[in-house]
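For reference, the chains in residue letters:
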Amino acid sequence: MPDTWLVVGLGNPGPRYERTRHNVGQLVLDELADRRDASFRAHRAHARVAETWLRPGGPKLILAKPTSFMNVSGGPVSQLARFYRTEPERIVVVHDELDIPFDTVRLKTGGGHGGHNGVRDVAAALGSADFARVRVGIGRPPGRQDAADWVLQPFPAGDRDALTMLVSDAADAVEDVIEHGLVAAQQRFHAPRA
């Protein structure tokens, strides 16, 4: 299936984690599905999956939210990649990123995991780090707060409007990577804001 893309939103399962910083990748997948009126359904690969298209006549999108915990996302992603016959170069992983300021989206392919255990597990399970990443900035915790506690907290009410825009920007970035390629998408999303 050469024109099929697997888009994965990393996060943790269950209502307790739904609106936390660590689950921003899954919020982006919800936005992509909403834009296409697509519904998620349970998949045997321990994920919820929505099959849709980038645009009419365009590439097929497999939108996937693993139902495993973040640190063991690799199993579901590799199973989905096998099921849909998708090579790492046709996979986009959307995830939270501590080292990027809140309200910022950054894109890359390959390289290290930057300490992100979900990305580490996906790369190990795929046997390759050559997948695109849409890195959604959540910023570092203030003061001496532990990063693990920070990522598992919900976004504060005061950030809701910015979060809505951030999720929309990240969904746009996923679409741009697939439609125009990583370099063109980076030029758009890494340019300074006017």
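Structural data are supplied above this passage.
Right, let's walk through the structure included here. Everything quoted here is computed from the prediction, not taken from an experiment.

### Looking at the overall build of the protein
Working step 1: The secondary structure content of the protein amounts to six helices and seven strands.
Working step 2: Listed by position from the N terminus, the elements making up the protein come as β-α-β-β-β-α-β-β-α-β-α-α-α.
Working step 3: Taken along the three principal axes of its C-alpha coordinates, the protein extends 50 × 40 × 35 Å.
Working step 4: The 194 residues of the protein split such that 52% are buried.
Working step 5: In the protein, once contacts between residues fewer than 6 apart in sequence are set aside, the share between residues at least 24 apart is 71%.
Working step 6: About 9,300 Å² of surface is accessible on the protein, with carbon and sulfur atoms providing 50% of the total.
Working step 7: Side chains of the protein give 24 positive and 24 negative charges; the mean places of these two sets differ by 3 Å.

### A closer look at unusual backbone geometry
Working step 1: The phi dihedral of D37 falls on the positive side, at around 55 degrees, and the residue is not glycine.
Working step 2: For D37, the location among the structural elements is in the loop between α1 (24-35) and β2 (41-43).
Working step 3: The exposed category is assigned to D37, whose relative accessible area is 73%.

### Thoughts on the pattern of salt bridges
Working step 1: By the definition in use, this model includes twelve salt bridges.
Working step 2: One salt bridge in this structure joins D30 and K65, with 2.6 Å as the shortest N-O distance. Placement of the pair is D30 in helix α1 and K65 in strand β4 (residues 60-66), with a sequence separation of 35 residues.
Working step 3: A relative accessible area of 26% places D30 in the partly exposed class.

### Re the sheet that holds strand β7 (residues 132-137)
Working step 1: Read from one edge of the open sheet, seven strands run β2-β3-β4-β1-β5-β7-β6, paired in mixed fashion. Only two strands of the sheet have a single partner each, and these edge strands are β2 and β6 (105-109). Strand-to-strand twist in this sheet, taken as the mean axis angle between neighbours without regard to direction, amounts to 30 degrees.
Working step 2: As paired elements, strand β3 (residues 47-53) and β4 share seven bridges and run antiparallel to each other. Paired with A50 across the strands is L63, a residue of β4.
Working step 3: Sitting on the sheet, α1 is in contact with β1 (4-9), β4, β5 (91-97) and β7, with an inclination near 145 degrees to β4.
Working step 4: Where helix α2 (residues 74-83) meets the sheet, it contacts β1, β2, β3, β4 and β5, and its direction lies at approximately 165 degrees from that of β1.

### Overview of the nonpolar core
Working step 1: In terms of nonpolar packing, the biggest core is built from 37 residues, with V7, L63, V92, V94 and V134 touching the most fellow members.
Working step 2: Those residues within four positions of V134 in sequence are excluded, and the remaining contacts are V92, V93, V94, H95, V105, R106, L107, A170, A173 and V174.
Working step 3: Residues V49, V77, L80 and I91 belong to the second largest nonpolar core, which totals 20 residues.

### A short note on the pairing of β5
Working step 1: Burial of β5 is extensive: seven of the seven residues sit out of reach of the surface.
Working step 2: When β1 meets β5, the two strands line up parallel, connected through four bridges. Paired with L6 across the bridge in β5 is I91.
Working step 3: Alignment of β5 against β7, held across six bridges, turns out to be parallel. Residue pairing in the sheet places V93 in a bridge with R133 of β7.

### Remarks on the packing of aromatic side chains
Both the distance between ring centres and the angle between the ring planes are used here to describe each pair of aromatic rings.
Working step 1: Per the counting criterion, the structure on display carries three aromatic pairs.
Working step 2: Here Y17 and F69 contribute two aromatic rings whose centre-to-centre distance is 6.0 Å and whose plane-to-plane angle is 85 degrees, an arrangement assigned as edge-to-face. Within this pair, whereas Y17 is found in the loop between β1 and α1, its partner F69 is found in the loop between β4 and α2, the two being separated by 52 residues in sequence.
Working step 3: Judged by its relative accessible area of 45%, F69 falls in the partly exposed class.
Working step 4: Note that R21 overlies the ring of W150, its terminal NZ or CZ placed 3.5 Å from the centroid.

Cut-off values and rules
- Residues numbered from 1 in each chain as written.
- Predicted model: local features only at pLDDT ≥ 70, side-chain atom pairs only at ≥ 80, totals over all residues.
- Heavy atoms only, no water.
- Helix = DSSP H or I, 4+ residues; strand = E, 2+ residues; numbered from the N terminus.
- Buried < 20%, exposed > 50% of the residue type's maximum accessible area, 1.4 Å probe, protein only.
- Contact = heavy atoms within 4.5 Å.
- Areas by Shrake-Rupley, 256 points an atom, 1.4 Å probe, with all protein chains shown as cover.
- Lys, Arg positive; Asp, Glu negative; His and termini not counted.
- Charge placed at Lys NZ, Arg CZ, Asp CG, Glu CD.
- Salt bridge = Lys/Arg side-chain N within 4 Å of Asp/Glu carboxyl O.
- Pairing = 2+ DSSP bridges.
- Axes fitted to C-alpha atoms, helices over the stretch in contact; angles between N-to-C directions.
- Core = buried A, V, L, I, M, F, W, Y, C linked by side-chain atoms within 4.5 Å.
- Phe/Tyr/Trp six-rings, centres within 6.5 Å; stacked < 30°, edge-to-face > 60°.
- Lys NZ or Arg CZ within 6 Å of the ring centre and 35° of its normal.

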